[in-house]
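Structural characterization, general
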Amino acid sequence: MIEPTPTIGSGGEHPALPTIRGPLPPDAMGTTLVHEHVLYGQIPNHRRAESVAFAVELLNDAARVGIDTLVDLSPARDITLYQEIALQTPVNILVSTGAYLAQASPQWILDLDEKQVEERMFREVTEGIDGTGIRAAIIKVAGNRSPLTEWEKMNFRCAARVNAATRVPIACHTIFEPREQFDILVKNGANPTQTFFSHVEAEFGWGGRTREQMADVLLGIAEEGGRFLFNNFGYEFHTPWEDLVFLIRHLCERGHSSSVLISIDCYWQWKDDRILVQIEDRHPEVRRRTHAYMITDTVPALLKAGFSARDVRTFLIENPRDYFTAGRSN
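Only a predicted model underlies this, so the values are computations on that prediction, with no experimental measurement involved.

Cut-offs used in this document
- Residues numbered from 1 in each chain as written.
- Predicted model: local features only at pLDDT ≥ 70, side-chain atom pairs only at ≥ 80, totals over all residues.
- Heavy atoms only, no water.
- Core = buried A, V, L, I, M, F, W, Y, C linked by side-chain atoms within 4.5 Å.
- Buried < 20%, exposed > 50% of the residue type's maximum accessible area, 1.4 Å probe, protein only.
- Contact = heavy atoms within 4.5 Å.
- Helix = DSSP H or I, 4+ residues; strand = E, 2+ residues; numbered from the N terminus.
- Salt bridge = Lys/Arg side-chain N within 4 Å of Asp/Glu carboxyl O.
- Pairing = 2+ DSSP bridges.
- Axes fitted to C-alpha atoms, helices over the stretch in contact; angles between N-to-C directions.
- Polar contact = N/O pair within 3.5 Å; in protein donor to acceptor, adjacent residues only side chain to side chain.
- pLDDT = per-residue confidence, 0-100.
- 1 Å grid on protein atoms, 1.4 Å probe; cavity = no way out; pocket = protein on both sides within 12 Å on 5 of 7 lines; lining within 4 Å.
- Points joined across faces, edges and corners; volume = space filled by probe spheres on them.
- Nonpolar A, V, L, I, M, F, W, Y, C, P; charged D, E, K, R; others polar.

**Things to note about the nonpolar core**
Counting 86 residues, the largest nonpolar core has Phe-230 and Phe-233 as the members making the most contacts within it. Setting aside residues no more than four positions away along its own chain, Phe-233 makes contact with Trp-241, Leu-244, Ile-248, Ile-262, Ser-263, Ile-264, Arg-289, Tyr-293, Met-294, Thr-298 and Leu-302. Among the nonpolar cores identified, the runner-up in size contains 15 residues, and Leu-17, Phe-196, Leu-261 and Phe-324 belong to it.

Below, the structure is given as structure tokens:
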């Protein structure tokens, strides 16, 4: 079994980040996907071996095309399965604590009060997950709609306080109204540059805004340090390509390329005793959207759209490193 990650590692100017296999200096992160899922949902006991094998296959495909590090944002998971997977791939895997949407969270997470939520987050980022010594490198929180529910607000407050105490960054499932999420995090002590808001491009027109008005909301948050995770590449049936490019370009042209993170948000699950990648039962073409899709399809599309190789390096290498190290030092 993999040795536990030390609480403090040697990482040069910044502390090393905890991965499943051990400490990783931030400068060694390389090409990084900051919003992915190695495993997702309930893994049937009789499918554990197949699940490990499938996850390893996807990760090794990603490694072959140049992905070095992957951040898993499934905050309630069987960490022993992740240990098995990490032994069979060169990809560095960072795992999360926190909570996803209420309707997708196990009952034991829903039953925690605010003190228990904060204690769990703090314990998993400072001591380890389920007694393994494998520490979470990121805190996941989620909002379904706006305004946030009281349960969602509680998770955001706890995440902010743990970030303030540890400088472990925060990843948000957002889609709608990132300003509400940003404000509650900052009000409760979070470092703005260690927050990112995912899927803001997923449903255009939130709050009745035009595309341009949405872009200006993002720009205002970026000016205060917040970041955004774009992942709907290859999801044209949800997000038109020209609209996705518009939002990213709007930030870059106004001097905020440092606020842009990109990933695929690949997930798969068992359904009717077979593996489904994302929503391939409704859109078969999305089975191609695995972790490797970032390099095989998304990067060439961004270059064709006019982004430079320097932009791509910023999105995939420099910004993930800076997001994880902001406000942290030995």
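**Examining unusual backbone geometry**
At the junction of Ser-146 and Pro-147, the peptide bond is cis and its omega measures out at 5° in the coordinates. Following the sequence through the fold, Pro-147 ends up in the loop between strand S7 (138-142) and helix H5 (150-166). At Asp-273, a residue that is not glycine, the phi angle is positive and equals roughly 65°. Tracing the backbone shows Asp-273 in the loop between strand S12 (268-271) and strand S13 (274-277). Residue Gln-278 is not a glycine yet carries a positive backbone phi of 55°. You can call Gln-278 buried: its relative accessible area is 3%.

**Section: the pattern of salt bridges**
What the rule picks out here adds up to 22 salt bridges. Across the pair Asp-273 and Arg-47 runs a salt bridge, and its minimum N-O distance is 2.6 Å. Here Arg-47 lies in the loop between strand S3 (32-36) and helix H1 (48-65) and Asp-273 lies in the loop between S12 and S13, a separation of 226 residues in the sequence. Taking the relative accessible area as the measure of exposure, Arg-47 reaches 15% and is therefore buried. Residue Glu-253 is joined to Arg-254 by a salt bridge in which the shortest nitrogen-to-oxygen separation is 4.0 Å. Under the relative-accessibility criterion, Arg-254 is labelled partly exposed at 43%. Salt bridges sharing partners connect three or more residues here, namely Glu-114, Glu-118, Arg-157 and Arg-161.

**A word on the sheet that holds strand S9 (residues 195-198)**
The strand order across the open sheet built from 6 strands is S6-S7-S8-S9-S10-S11, with neighbouring strands paired in parallel fashion. Only two strands of the sheet have a single neighbouring strand rather than two, namely strand S6 (96-98) and strand S11 (260-262). Averaged over all adjacent pairs, the angle separating strand axes in this sheet is 30°, with direction ignored. Inspection of the sheet shows S6 paired to S7 by 3 bridges, in the parallel sense. Across the sheet, Gly-98 pairs through a bridge with Lys-140, a residue of S7. Its contacts with the sheet place helix H8 (residues 241-253) against strand S10 (227-230) and S11, and it is angled at close to 155° to S10. Strand contacts of helix H10 (residues 309-325): S7, strand S8 (170-173), S9, S10 and S11, with the helix running at about 115° to S11, the strand carrying the most contacts.

**A short note on the side chain of Glu-280**
Here Glu-280 lies in the loop between S13 and helix H9 (293-304). For Glu-280, a relative accessible area of 12% corresponds to the buried category. A polar contact is formed between the side chain of Glu-280 and the side chain of Arg-287, at a distance of 2.4 Å. Not counting residues up to four positions away in its chain, the partners in contact with Glu-280 are Ile-275, Val-286 and Arg-287.

**A word on the confidence of the model for the chain**
Counting all residues, the mean pLDDT for the chain is 94, and 96% of those residues have values of 70 or more. Predicted confidence is poor over residues 1-12, with pLDDT under 50, and the contacts of this stretch with residues over four places away or in other chains come to 31 contacts.

**Concerning the environment of Phe-315**
Checked against the element boundaries, Phe-315 lands in helix H10. Expressed as a C-alpha distance, the spacing of Phe-315 and Ser-257, which sit 58 residues apart in the sequence, is 7.6 Å. When residues no more than four places from it in sequence are discounted, the contact partners of Phe-315 are Ile-248, Cys-252, Ser-257, Val-260, Leu-261, Ile-262, Phe-307 and Pro-320.

**Section: empty space enclosed by the protein**
Applying the stated rule across the entire model yields 2 cavities of 30 Å³ or more. Taken together, Gly-98, Ala-99, Ile-109, Leu-112, Val-117, Arg-120, Met-121 and Asn-155 make up the full set of residues lining the largest cavity. Here the lining of the largest cavity gets 3 residues from one element, more than from any other, and that element is helix H4 (residues 114-126). Considering only enclosed or pocket space, the second largest cavity measures out at about 40 Å³ in volume. Together, Gly-143, Asn-144, Arg-145, Ser-146, Leu-148, Thr-174, Phe-176, Glu-177, Glu-180 and Gln-181 line the second largest cavity. In terms of residue class, the lining of the second largest cavity is built from 2 nonpolar, 5 polar and 3 charged.

**Focus: the sheet that holds S3**
Within the open sheet, the 3 strands sit side by side as S3-S4-S5. Their pairing is parallel. Every other strand in the sheet has two partners, leaving S3 and strand S5 (92-94) as the edge strands with one partner each. Between one strand and the next, the sheet's axes are offset by a mean angle of 20°, whatever the strand orientation. Pairing of S3 with strand S4 (residues 69-72), which is carried by 3 bridges, proceeds in the parallel orientation.

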